[in-house]
Amino acid sequence: MPQTLTGWILFAAVMASAMGTASTTTKLGMARRGRVAPDRRDIHAAYAFGVLLALSTLLFLIVEGR
């Protein structure tokens, strides 16, 4: 568990971006199967949440890894 305020903030960013990535990729999968209308913004959102997830995880490991 995080030991610093910065760690808690990064932990929250990891959790939020993971949930955002999961929801947008689920919607993209449903659009691929034809269950919902495809939306180009979902692709950009999935990339943005994925990058945020990777960066916040990396920073969390650096901050809390000491």
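See the structure above.
Reading guide: rules and limits
Residues numbered from 1 in each chain as written. Predicted model: local features only at pLDDT ≥ 70, side-chain atom pairs only at ≥ 80, totals over all residues. Heavy atoms only, no water. Helix = DSSP H or I, 4+ residues; strand = E, 2+ residues; numbered from the N terminus. Rg over C-alpha atoms; globule rule 2.2 N^0.38 Å. Buried < 20%, exposed > 50% of the residue type's maximum accessible area, 1.4 Å probe, protein only. Salt bridge = Lys/Arg side-chain N within 4 Å of Asp/Glu carboxyl O. Contact = heavy atoms within 4.5 Å. Polar contact = N/O pair within 3.5 Å; in protein donor to acceptor, adjacent residues only side chain to side chain.

All right, on to the overall build of the protein then. When helices and strands are tallied, the protein shows two helices and zero strands. For the protein, whose C-alpha radius of gyration is 15 Å, the value lies well above the compact-globule estimate of 11 Å for 66 residues. Dimensions along the principal axes, computed over C-alpha positions, put the protein at roughly 45 × 15 × 15 Å. The buried share of the protein, taken over its 66 residues, is 20%.

With that settled, the discussion passes to the pattern of salt bridges. Think of it this way: side chains of opposite charge can pair up when their charged atoms draw near. The tally for this structure, following the rule as stated, stands at two salt bridges. Between aspartate 42 and lysine 27 there is a salt bridge whose closest N-O contact spans 3.6 Å. Of this pair, aspartate 42 sits in helix H2 (residues 40–64) while lysine 27 sits in helix H1 (residues 5–33), and the two are 15 residues apart along the sequence. Look at lysine 27 and you get partly exposed, because its relative accessible area is 35%. Ionic pairing is found between aspartate 39 and arginine 41, a salt bridge with its closest N-O pair at 3.1 Å. A relative accessible area of 25% places aspartate 39 in the partly exposed class.

This brings us to the environment of alanine 46. Looking at the element boundaries, alanine 46 is found in helix H2. Look at alanine 46 and you get buried, because its relative accessible area is 13%. C-alpha of alanine 46 to C-alpha of serine 17: the two residues are 29 residues apart in sequence and 9.5 Å apart in space. With near-sequence residues (within four places) excluded, alanine 46 lies in contact with Thr24, Thr25 and Leu28.

This paragraph deals with the side chain of serine 17. With respect to the helices, strands and loops of the structure, serine 17 is situated in helix H1. Under the relative-accessibility criterion, serine 17 is labelled buried at 0%. One polar contact links the side chain of serine 17 to the main-chain carbonyl oxygen of alanine 13, over a distance of 2.8 Å. Each residue touching serine 17, except ones within four places of it in the same chain, is listed here: Phe49, Leu52, Leu53 and Ser56.

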